[in-house]
Structures are given as structure tokens and as C-alpha cells.
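Structural overview for review
Single-letter residue listing:
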Number of protein chains: 4
Amino acid sequence: MIIEIDQSDDVPIYEQLRRQVIEAIANGELVPGDKLPSVRSLAVDLGVNLHTVNKAYALLRDDGYLNMRRGSGAVVAERRDEAGHGSAAVDGAQWSAMNNELRRIILEHKARGGTAESFLDTVRHQCASIYGLQNPSRDEGRRSGNDVSSRRSS
Amino acid sequence: MIIEIDQSDDVPIYEQLRRQVIEAIANGELVPGDKLPSVRSLAVDLGVNLHTVNKAYALLRDDGYLNMRRGSGAVVAERRDEAGHGSAAVDGAQWSAMNNELRRIILEHKARGGTAESFLDTVRHQCASIYGLQNPSRDEGRRSGNDVSSRRSS
Amino acid sequence: MIIEIDQSDDVPIYEQLRRQVIEAIANGELVPGDKLPSVRSLAVDLGVNLHTVNKAYALLRDDGYLNMRRGSGAVVAERRDEAGHGSAAVDGAQWSAMNNELRRIILEHKARGGTAESFLDTVRHQCASIYGLQNPSRDEGRRSGNDVSSRRSS
Amino acid sequence: MIIEIDQSDDVPIYEQLRRQVIEAIANGELVPGDKLPSVRSLAVDLGVNLHTVNKAYALLRDDGYLNMRRGSGAVVAERRDEAGHGSAAVDGAQWSAMNNELRRIILEHKARGGTAESFLDTVRHQCASIYGLQNPSRDEGRRSGNDVSSRRSS
DNA sequence: GTGGTCTAGACCACC
DNA sequence: GTGGTCTAGACCACG
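Definitions and limits used
Residues numbered from 1 in each chain as written. Chains lettered and ligands numbered in written order. Predicted model: local features only at pLDDT ≥ 70, side-chain atom pairs only at ≥ 80, totals over all residues. Heavy atoms only, no water. Helix = DSSP H or I, 4+ residues; strand = E, 2+ residues; numbered from the N terminus. Buried < 20%, exposed > 50% of the residue type's maximum accessible area, 1.4 Å probe, protein only. Contact = heavy atoms within 4.5 Å. Areas by Shrake-Rupley, 256 points an atom, 1.4 Å probe, with all protein chains shown as cover. Least-squares fit on C-alpha atoms with pLDDT ≥ 70 in both. Near = heavy atom within 4 Å. Polar contact = N/O pair within 3.5 Å; in protein donor to acceptor, adjacent residues only side chain to side chain. Nonpolar A, V, L, I, M, F, W, Y, C, P; charged D, E, K, R; others polar. Phe/Tyr/Trp six-rings, centres within 6.5 Å; stacked < 30°, edge-to-face > 60°. Lys NZ or Arg CZ within 6 Å of the ring centre and 35° of its normal. Expected span 1.5 Å × (residues − 1). Salt bridge = Lys/Arg side-chain N within 4 Å of Asp/Glu carboxyl O. UniProt positions renumbered as here; feature names shortened; annotations may be inferred.

As annotated in an unreviewed UniProt entry, chain A is GntR family transcriptional regulator from Bifidobacterium vansinderenii.

1. Considering the overall build of chain A
A count of helices and strands for chain A gives five helices and four strands. For chain A, the N- to C-terminal ordering of α and β elements is β-α-α-α-β-β-α-α-β. By the burial criterion, 42% of the 154 residues in chain A qualify as buried. Pairs at least 24 residues apart make up 59% of the contacts formed inside chain A by residues separated by at least 6 positions. For chain A, the accessible surface area stands at approximately 8000 Å², while carbon and sulfur atoms represent 50% of it.

2. Focus on the relation of the copies chain D and chain C
With an RMSD of 0.3 Å, the fit of chain D onto chain C corresponds to turning through 179° and sliding 0.1 Å along the axis. Such a combination of turn and shift is consistent with a two-fold rotation axis. Mapped onto chain C, 100% of the interface residues of chain D again fall at the interface, so both copies present the same surface.

3. Focus on the protein's contact with DNA strand F
Not every one of the 32 residues close to DNA strand F is listed here, only the nearest: His51 and Arg70 of chain A together with Ile13, Tyr14 and His51 of chain C. Among atoms of DNA strand F positioned within 4 Å of the protein, sugar and phosphate together represent 64%. At 3.1 Å from a phosphate oxygen of DNA strand F is found a side-chain nitrogen or oxygen belonging to Asn54 of chain A. At 2.7 Å, a side-chain N or O of Lys55 of chain B approaches a phosphate oxygen of DNA strand F. Listed by contribution, the elements that provide at least two residues to the surface near DNA strand F are helix H2 (39–46) and helix H3 (50–62) of chain A, helix H1 (13–27) and helix H3 (50–62) of chain B together with helix H1 (13–27) and helix H3 (50–62) of chain C. A per-class count over the surface near DNA strand F returns ten nonpolar, 13 polar and nine charged.

4. A short note on the packing of aromatic side chains
Centre distance and the angle of the planes are the two values used to describe a pair of aromatic rings. For the structure on display, the rule yields zero aromatic pairs over all chains. Between Lys55 of chain B and the ring centre of Tyr14 of chain B, over which it is positioned, the NZ or CZ distance is 4.4 Å.

5. A few points about H1 of chain C
Residue and element names in this part refer to chain C. With 15 residues, H1 extends 21 Å from end C-alpha to end C-alpha; this agrees with the ideal 21 Å at 1.5 Å per step. For H1, the complete set of buried residues consists of Glu15, Gln16, Leu17, Arg18, Gln20, Val21, Ile22, Ala24, Ile25 and Ala26. In the stretch just after H1, Gly28 is the one whose phi turns positive, near 85°.

6. Some remarks on the pattern of salt bridges
Applying the stated criterion across every chain, the model contains 36 salt bridges over all chains. Of the charged contacts in the structure, one is a salt bridge between Glu15 of chain C and Arg18 of chain C, with a shortest N-O distance of 2.8 Å. Taken together, the positions of Glu15 of chain C and Arg18 of chain C, both in helix H1 and three residues apart, correspond to about one turn of that helix. As far as the burial class goes, Glu15 of chain C and Arg18 of chain C line up, both buried. Ionic pairing is found between Asp62 of chain D and Arg61 of chain D, a salt bridge with its closest N-O pair at 3.1 Å. For Arg61 of chain D, a relative accessible area of 40% corresponds to the partly exposed category.

7. Section: the UniProt feature "domain: HTH gntR-type" (unreviewed entry) in chain A
Here, UniProt's "domain: HTH gntR-type" (unreviewed entry) annotation points to residues 11–79 of chain A. End C-alpha to end C-alpha, residues 11–79 of chain A measures 27 Å, and it is 52% helix and 9% strand.

What follows is the structure in C-alpha cells.
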């Protein structure tokens with residue numbers, strides 16, 4: 001896994017970090033049980049402050065993506081497929097947020113003269129590129145010691 | 001047209017304003033040639049700072065939604081359906097931004113365990129609600145003196 | 001309103017702050033629309049760091065007690081009595097957390113040999129002391145400029 | 001008795017352990033004289049650090065729930081129903097702590113708009129579920145060799 | 001002037 | 001060793 005931070009981007013660093021971890025989970029580069037680098041080591045690797053990484057990890061924990069514990073590090077959480085253990089509220093809030101974002105994007109698309117069909121085409125294309133090809137380069141048996149690399153960008 | 005500002009929302013006021021103008025254009029409540037209220041009057045009506053309204057208008061102009069001229073106020077721009085008149089770069093940037101947002105949303109959806117089909121269903125539902133019913137209560141011939149009302153929210 | 005911080009307490013400062021704001025809201029010392037002191041000024045008054053106050057305010061905002069906006073300060077939020085605007089998930093999580101705490105306390109009470117009736121007596125007594133006497137020293141018409149004092153403790 | 005540790009919970013492991021022992025005492029699954037598993041064996045069973053179990057046991061001893069003697073392991077203490085044998089200070093501290101927690105919970109409930117009656121209803125419901133049905137599957141005469149099982153949770 | 005973000009460096013609780 | 005909290009001081013976006 002490669003994490004890349006763009007200091008000049010207007011999206012906050014902690015948010016860039018958060019998104020890339022989510023992307024890695026979506027891609028299957030990170031699977032439940034994988035251990036993430038410690039906040040300190042990742043902060044050093046990325047050349048950012050400890051607190052910035054900490055905030056990203058904390059947000060991911062609040063959204064149910066990570067489990068964090070003082071002594072142990074941060075590990076990718078099991079996927080909570082169905083409800084029943086109290087975190088359904090979190091899912092509901094995330095689903096609602098996604099719908100609002102989606103609605104806004106579609107409205108902007110329509111305001112620019114786009115049709116429903118052209119939007120659906122774009123979505124289908126993106127879904128194909130994201131869901132189409134799984135990550136085959138992963139050893140299914142391995143569960144720890146995942147290689148998380150990093151790169152700094154200007 | 002009714003503009004409503006939610007002071008408790010964490011999205012900036014200028015962005016709320018911008019989005020609602022775009023939504024009005026998408027819905028057909030605002031059509032090319034319609035005149036928007038002046039920066040001053042809208043700021044007073046909404047109870048927000050003059051600079052805030054100004055920023056929203058400037059962003060809408062930069063994105064090609066409005067034409068602004070000192071003294072003559074802001075006017076809804078003609079829709080630039082296809083390229084050719086120099087603003088292709090703007091459209092390209094907007095299309096790219098939309099695609100990035102879309103990609104991020106889909107990745108988050110997938111990371112939470114959602115399928116491509118469930119995402120497409122959501123998109124279809126949203127498109128139906130947005131594109132399905134046009135705003136029939138509009139006199140297509142009218143070109144000025146559009147009713148832009150406003151409301152403050154707690 | 002008087003806020004008092006105990007640096008030697010093992011409960012974090014930001015949590016002490018959070019609880020006292022909640023207490024003030026419960027007591028009616030703070031009503032919706034009241035403006036809280038800015039993070040900077042309160043930090044100076046309490047002799048703690050800016051970020052500590054900021055974290056307390058952010059938690060209160062996440063729980064729906066405060067509305068915060070960059071330019072304006074922190075304001076006590078309207079009470080969201082019924083559902084419908086997306087924050088029902090927050091309420092659900094808070095209700096669930098309260099129930100868990102309550103259950104743990106009752107179990108500990110029972111393990112120490114306490115009866116259900118003795119626990120209920122304690123609860124009734126506390127409710128009477130909290131709900132019994134409202135705060136009559138508040139001018140109902142006033143909506144801003146509330147006096148928030150502070151005190152440091154060893 | 002089954003002890004289950006949730007590594008994803010944000011409450012410390014030693015505290016989870018402590019609470020579950022208290023719950024077992026409240027339920028009658030553990031009665032005075034029962035012997036708890038040794039620190040070492042329980043640590044191995046749960047897959048946690050030895051110090052963590054040790055801390056939980058020490059806290060339970062400090063609160064008067066357990067008697068510990070080097071070499072003879074931990075034993076559930078007699079219930080000190082009334083005062084008189086020197087540990088009244090401990091009881092007083094625990095009673096005070098419970099009252100503080102209770103007060104804080106009620107204040108938060110009131111700040112969210114809850115009534116005294118709705119809180120009492122919740123308490124009555126919880127008391128009924130905790131005090132209502134005792135654990136009938138226990139041989140009252142048995143005093144040793146209690147079955148304390150354990151389970152790890154993801 | 002407000003809150004939001006980032007940095008730098010410290011101490012503590014947990015494991 | 002880990003994450004959690006606190007301090008001190010800086011810059012920026014928002015209003």
C-alpha cells in the first residue's frame with residue numbers, strides 16, 4: 001500500500017490520509033485484521049505531524065473502519081454486514097451523507113446540461129473500473145505485516 | 001425561488017448559497033437570462049455578510065453559471081452545451097472534479113461492503129427523483145423580474 | 001455560568017468542560033441561541049490550552065448540543081425534539097450509550113448487595129434534586145451576552 | 001461463567017474484565033467463596049497480557065469484591081452488607097462514585113430534552129431485567145471448582 | 001475575531 | 001512500544 005500526501009492540496013492532510021486508507025480497504029489491499037503502521041512511524045514516513053495522522057485514524061475508527069487500542073496499534077475492523085450490535089446508527093449517518101453528496105453532484109450535472117443517461121453512463125464506467133478488477137496480487141493467507149509504503153509529494 | 005441558509009450546517013454559507021442557485025438552475029426555476037437579486041439585497045434578506053454572497057456569486061461566475069457586469073447585476077448564463085467558445089477548460093475541470101467526487105463516493109461505498117448494483121440502484125433512484133418531474137409551473141416566456149425569495153433558518 | 005477545572009482530576013479536562021456545559025444546558029443556565037465564549041478566551045480564562053477547549057466544543061457539536069461556525073462562535077443548538085432531519089442516528093447512539101452505562105451501574109449496585117428498590121430510591125432522589133427546582137434567576141427575554149465566568153482549581 | 005473480551009471496544013481490557021466479574025457476582029454466577037482462575041491461566045485463555053488481568057483483579061480486590069492471597073489465588077469475598085469492619089470508607093467511596101455517575105447521566109438525559117419520568121421508566125425497565133430473573137441454574141451448596149470459561153472476540 | 005488545521009514536543013495510560 | 005491527552009505557537013478559511 002502506497003500513501004501519498006500532497007501538501008499543496010486544499011483538502012486537509014488528515015482527509016487525504018483517510019480517503020486513501022478507505023481506498024485501500026475498498027481495493028482489498030487492506031483486509032480485516034491487517035495492522036496499520038503506528039501513528040508515529042507513519043507520521044515520520046509521510047513527513048507530517050503525529051497529530052495529523054492521529055486525527056485521520058480517529059475518524060476512521062469513528063466510522064467503523066479501524067479498531068484502535070492504546071497498547072496495540074490500529075487494525076482494520078471486521079466488516080459489519082448486518083445490524084444488531086449498536087453501530088447501525090453510524091451506518092445510517094454515512095448512508096445519509098452519501099445520498100446527500102450524490103444528490104448534489106447530480107444536480108450540478110443537470111445544471112450543466114447533462115442528462116440522466118449521461119450521468120448513469122459515467123457511474124457505470126466508474127463502477128466498472130472500481131468493481132471490475134479485484135486485486136489479485138494479494139496472498140489470501142497472510143494476515144499481518146502488510147507493507148505500507150509512503151511517498152511525499154510537493 | 002426560495003433560498004434557505006442553515007446556520008447550523010457545517011458547510012460554509014457561501015457554498016450553501018452556491019449549491020442552491022445551481023439546484024434552481026437544474027430544476028428550471030432559473031433559466032438563462034433570469035436576473036438574480038443584487039449582492040446587497042440578498043445579503044440583507046439572508047442576514048449574512050455581503051462578502052459571503054459576493055463569494056458565492058463569484059464562484060458561480062467562474063464556473064460559467066452566471067454572467068456578472070458591474071452595475072447590471074448577475075444574470076443566469078446561456079447553457080454552453082458543447083465546446084467551442086473558449087470555456088471548454090472550465091467544463092473539463094468541472095467534469096474532472098465530478099468524476100473525482102464520484103470515484104471517492106463509490107470507493108467509500110465499496111469499503112463499507114456495498115455492491116456495484118446497490119450503488120447503481122441508489123443512483124437510479126436519485127436520478128428519477130431529480131430528472132423525473134420537471135417544474136411545470138414556470139412561464140417559459142418570462143425573462144426578468146423573477147421571484148427570488150429568501151428565508152433564514154435557525 | 002461558572003466553569004471550574006480540576007487539573008489533578010483523572011477525568012480529562014476536555015471532558016470536564018463538556019460535562020459542565022451539558023449541566024448548564026440541563027439547568028437552563030444556557031438556552032438555545034446563547035453564545036458561548038470563544039475557544040481562545042475560554043482557554044485563557046481557564047488557564048488551559050486552546051486545543052483542549054476546542055476538543056470539548058467539537059464533541060458537544062458532534063452530539064448536537066452546539067452549533068459552530070468559523071466566523072461566528074459557538075451557539076447552543078435548538079433542541080431536536082423529534083426526528084426527521086438526519087440527526088436521529090446521533091440520538092440513537094447517545095440513548096444506547098446511556099442505557100449501557102445505566103446497566104453497568106445497576107449491576108455494580110447489585111453486586112454490592114443493593115436492592116432494586118434502594119437503587120430506585122437513589123434515582124428518585126437525584127431526579128428530584130435535578131428536575132425539582134428549575135433555575136428561576138433567568139431573564140427569559142435575553143438571548144445573548146450570557147455571563148460565563150470561570151475558576152481555576154488546583 | 002464466560003468472560004468475553006471485545007478488542008474493538010474502546011473501554012480498556014482490564015476494565016472489561018473487571019465489569020464482567022462484577023456482573024457475574026451480581027447475577028449469582030459467582031458467590032462468596034468461589035475461586036477465580038489464576039492470573040496466568042486467564043491471561044492465556046483470553047489472549048491478553050498478564051499485567052492486564054492482574055490489574056483487573058487488583059481493582060476488584062481494592063473494591064472489596066475479591067480476597068487475594070499469594071499462592072492461593074483470588075476468591076470472591078463475603079458480601080459486606082452493612083458497615084462495621086473497617087471497609088466502610090470503601091463503600092462510601094463507591095456509593096459516592098455511583099451517585100456522581102448517576103447525576104451526570106441524568107443531567108445529560110435532561111439536556112437532551114428527556115423528562116424525569118422517562119428516565120425513571122428506563123431505570124425501572126433495566127432493574128426489572130437485572131433483578132427480575134435470578135440465575136436458577138446454580139447449585140447453591142457448591143463452593144469451589146467453579147466453571148469459569150473464556151472466549152476471545154474479534 | 002472566529003473556529004479549523006498543522007507543527008513540535010511533552011507526559012501518561014495501556015499493553 | 002502503542003495511542004490519548006495536553007501545551008505552545010503558527011497560519012488559514014470564514015464571516
